[in-house]
Amino acid sequence: MDNCKILNFNEEELSEIVEDCFPDIAVDDGKRLITSFIGWVLGK
Amino acid sequence: MIEKPGVQLNERTQLLDNVYTFKHNKRVPLGSNIWSWQVLDCGYKQSTALENYDIAEKINREFHERYDFDIYINLITRNPKRVTDLTGGGSHWIDENDENIQCNEHYCMEPDEYDELINSPVNFYWSKAFPRFTKYQDNDYRLTYGNLKQALSEWAEFNKYSAKMTDININEYGALMYYSNFCQAPFETIMGNLRGLTGSSSDLRRKKTELVDAIQQMDETILIPAIKQALAADWTGYVAPITVVFIAHSILNPKQFETFYWPSLKKVFDAAVSNNKRIFGFSESFILRLSDFFADIPRGIMMMHLEQDDIFDFRKVLPNIAIAGGMTTAKLGGSSKDECTGYAKYLIDELGEGYVLCQNKMLSYRNDCRRENLLAVIDFVKNYEY
């Protein structure tokens, strides 16, 4: 799974990534976490 | 190791309390606005410092033990290269001589995407902004699930490193930090992170309604929660609980500032005044031309670091705001020790109460400063009773 390339950047793909990266938290929480990360990294 | 960091911290806190309230101090406090120069001064390459947190800690320690500033702004925490390298590299890069950090003009949002930003920020950031940041359009590069997972892990590592450096600075060295809880006007995010300098300049004229709508929405969802968090935070070890960095104001005339920036900034000012909380402002460009917006802030609330304004004019026009800055790179990098200390004396004699002596511009390049000049200024300021 780690070698899968992110190709579409759509919601379905985001959900898949969240389930893979954060299997222990709810999908919506994982999405919010990734959004926080993106908001932070965009300023870098 | 400083023997009594708690005593040092209390003394420095008292110095800053007096600066904000324009009371006389036994000496003027010393601030550091030193960035990439710190790494060069300690004999390292930028890439080494950014890649290795153990070396970055060593540099921070050596730097503090050499200069012993009262207040710091940067603990090699500005460029999280280990994170950005995993997500396409970002817009910052180290120059070919490995001496400093450069930044390209960039944008992650098209002018017709304001509605998406307003209506579904999660989807917008994921499906539009992030692919552009990761250079998705470059066919040679594709982010993998593993890259993203590793980047999130490195993000956590970076936050740990950053927290550790701050803790060392405050609790081991008894020194203060300038930056605390950021309460930025959303126009800063729009210019700096999303639309870039060129795009946001164009939107001021062509997308005025959309821009105002986005700012209002971001005020509610981002700025107001940030203000609440800042007001509730323990700010021991910081000069103020609220930090505002001014960069995007530089492309606004006063009328545009009133429309696109002031409604957000006023929320920060009103919250600070009504709760009697302090603000540290850092202005990366001329700001005195917008002085009318700052005239009513009561004394005791705000200190502004000035990178480019004439510091003496600022004191005359806005005597209600304490000031940090003044010591120029031209002096530190291009004159003698005597000239530097003479200028430090002049700054202190002219500004005195309500003043922190600090380098005006971010020290970034090797020639911005000579070590012997900086040491001479520090020695002078610490012993000069004005």
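Coordinates for the structure precede this section.
What comes next concerns the included structure. Just so it is clear, the model here is predicted, and its values are computed rather than measured. (Residues numbered from 1 in each chain as written. Chains lettered and ligands numbered in written order. Predicted model: local features only at pLDDT ≥ 70, side-chain atom pairs only at ≥ 80, totals over all residues. Heavy atoms only, no water.)

With respect to the interface of chain B and chain A
Contacts between chain B and chain A engage 34 residues on the former and 31 residues on the latter. Interface area, chain B with chain A, both sides summed: about 3,000 Å², of which 76% is carbon and sulfur. Counting the surface chain B buries against chain A, the share from its top three residues, B:Trp126, B:Tyr145 and B:Trp155, is 30%. For the pair chain B and chain A, the number of links is two salt bridges. In this structure, the salt-bridge partner of B:Lys149 is A:Asp20, at a minimum N-O distance of 3.5 Å. At the junction of chain B and chain A, the tally comes to seven residue pairs in polar contact (both at pLDDT 80 or more). At the level of secondary structure, the elements contributing two or more residues to the side of chain B that touches chain A comprise α5 (81-84), α7 (121-133), α8 (145-172) and α9 (186-206) of chain B. Ranked by the residues each element gives to the side of chain B that touches chain A, the list is headed by α7(B), at nine residues. In the side of chain B that touches chain A, the residues fall into 19 nonpolar, 12 polar and three charged. (Contact = heavy atoms within 4.5 Å. Buried area = accessible area lost by both parts, 1.4 Å probe. Salt bridge = Lys/Arg side-chain N within 4 Å of Asp/Glu carboxyl O. Polar contact = N/O pair within 3.5 Å; in protein donor to acceptor, adjacent residues only side chain to side chain. Helix = DSSP H or I, 4+ residues; strand = E, 2+ residues; numbered from the N terminus. Nonpolar A, V, L, I, M, F, W, Y, C, P; charged D, E, K, R; others polar.)

So, the packing of helix α10 (residues 208-232) of chain B against helix α12 (residues 262-275) of chain B
Residues and elements named next belong to chain B. Axis separation between α10 and α12 bottoms out at 10 Å; the angle between their running directions is 25°. Our classification of the angle between α10 and α12 gives roughly parallel. The chirality of how α10 crosses α12 is right-handed. For the pair α10 and α12, contact is made by Ile-215, Asp-219, Leu-223, Ile-224, Ile-227 and Leu-231 and by Pro-263, Ser-264, Lys-267, Val-268, Ala-271 and Asn-275, respectively. For the contact of α10 with α12, the class distribution of residues is eight nonpolar, two polar and two charged. (Axes fitted to C-alpha atoms, helices over the stretch in contact; angles between N-to-C directions. Parallel < 35°, antiparallel > 145°, perpendicular 65-115°, else oblique. Left-handed = near helix turned anticlockwise from the far one by under 90°.)

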